[in-house]
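Spelled out from the first residue to the last, the chains are:
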Amino acid sequence: MSDQPGAAPPPPPPAYPPPPPDPYQQGTPPPVLPSAVGPTSGAAGIIRQFTGNAGWSLILGLVTIAVPFIFNRVFFFLPIIGFIAGILAIRRGQLIGGIVGLVLNAIGGLITALALI
């Protein structure tokens, strides 16, 4: 080494070659376009909203509305069961079917309450 101030440092020893280029850092990666996968797009996503608990809630709501007018019978517990099924459907992500089921069961429950009076 040199004792002079401002002197350049010595070059690195020739035994160390430069590192090879990293194949993963060659330019920017290609863009990834978002796409819907599975039954979450189109008609299949809407149909999924009316299956399972939501479907049962809808069926029970329709039965509690239609049967008193067609057969002159009233089912006491069907609106309650349909209401519970609608809440379960909403909790499982079937918001549209659950809300429609809740509305139908509320109307069916009102018809049942009016029939009892």
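That block above? That's the structure.
Not measured: the values here are computed from a predicted model. (Residues numbered from 1 in each chain as written. Predicted model: local features only at pLDDT ≥ 70, side-chain atom pairs only at ≥ 80, totals over all residues. Heavy atoms only, no water.)

Novice: Requested: an account of the overall build of the chain, with residues and values cited.
Specialist: A tally of helices and strands in the chain yields 4 helices and 0 strands. The linear arrangement of helices and strands in the chain, starting from the amino end, is α-α-α-α. For the chain, the proportion of contacts with a sequence separation of at least 24, taken over those separated by at least 6, is 72%. Carbon and sulfur atoms form 72% of the exposed surface of the chain, whose accessible area is close to 9300 Å². (Helix = DSSP H or I, 4+ residues; strand = E, 2+ residues; numbered from the N terminus. Contact = heavy atoms within 4.5 Å. Areas by Shrake-Rupley, 256 points an atom, 1.4 Å probe, with all protein chains shown as cover.)

Novice: An account of helix α2 (residues 53–70) is needed here, citing residue identities and associated values.
Specialist: Relative to the 26 Å expected for 18 residues at 1.5 Å per residue, α2 spans 25 Å between its end C-alpha atoms, a close match to the ideal helical length. Turning to α2, the residues buried within the fold contact α3 (78–91) and α4 (95–116). Downstream of α2 by one or two residues, asparagine 72 has phi in the positive range, about 60°. (Expected span 1.5 Å × (residues − 1).)

Novice: If you had to explain the packing of α3 against α4 to someone new, which residues and values would you point to?
Specialist: Two packed helices can be described by the angle between their axes and the distance between those axes. One way to put it is that α3 packs onto α4 with a least axis distance of 8 Å and a crossing angle of 165°. Here α3 is positioned roughly antiparallel relative to α4, judged by the angle of their axes. Considering only the axes of α3 and α4, their crossing is left-handed. For the pair formed by α3 and α4, the contact residues are Leu78, Pro79, Gly82, Phe83, Gly86, Ile87, Ala89 and Ile90 on the first element and Leu95, Gly98, Ile99, Leu102, Asn105, Gly108, Gly109 and Thr112 on the second. (Axes fitted to C-alpha atoms, helices over the stretch in contact; angles between N-to-C directions. Parallel < 35°, antiparallel > 145°, perpendicular 65-115°, else oblique. Left-handed = near helix turned anticlockwise from the far one by under 90°.)

Novice: Go over the environment of glycine 55 with me, naming the residues and quoting the values.
Specialist: Among the secondary structure elements, glycine 55 is positioned in helix α2. Judged by its relative accessible area of 13%, glycine 55 is buried. Separated by 43 residues in the primary sequence, glycine 55 and glycine 98 place their C-alpha atoms 8.3 Å from one another. (Buried < 20%, exposed > 50% of the residue type's maximum accessible area, 1.4 Å probe, protein only.)

Novice: Before we move on, could you go through the side chain of glutamine 94 and cite the residues and values that matter?
Specialist: Among the secondary structure elements, glutamine 94 is positioned in the loop between α3 and α4. There is a polar contact of 3.0 Å between the side chain of glutamine 94 and the backbone oxygen of arginine 48. Excluding anything up to four places from it in sequence, glutamine 94 contacts Arg48, Gln49, Thr51, Asn53, Ala54 and Ala89. (Polar contact = N/O pair within 3.5 Å; in protein donor to acceptor, adjacent residues only side chain to side chain.)

Novice: If you had to explain the side chain of serine 57 to someone new, which residues and values would you point to?
Specialist: Its location among the elements puts serine 57 in helix α2. The exposure class assigned to serine 57 is buried, which follows from its relative accessible area of 0%.

Novice: Let's hear about α3: which residues, and what values?
Specialist: Over its 14 residues, α3 extends 20 Å from the first C-alpha to the last, a length consistent with the 20 Å expected when each residue adds 1.5 Å. Of all the residues in α3, the buried ones are Leu78, Pro79, Gly82, Ala85, Gly86 and Ala89. Mapping the buried residues of α3 onto a view down its axis gives an arc of 120°, with all of them on the same face. Of the surrounding secondary structure, the elements contacted by the buried residues of α3 are α2 and α4. Within two residues after α3, glycine 93 carries a phi angle of roughly 95°, on the positive side. (Arc of directions from axis to C-beta.)

Keep in mind these numbers describe shape, not what the thing actually does.
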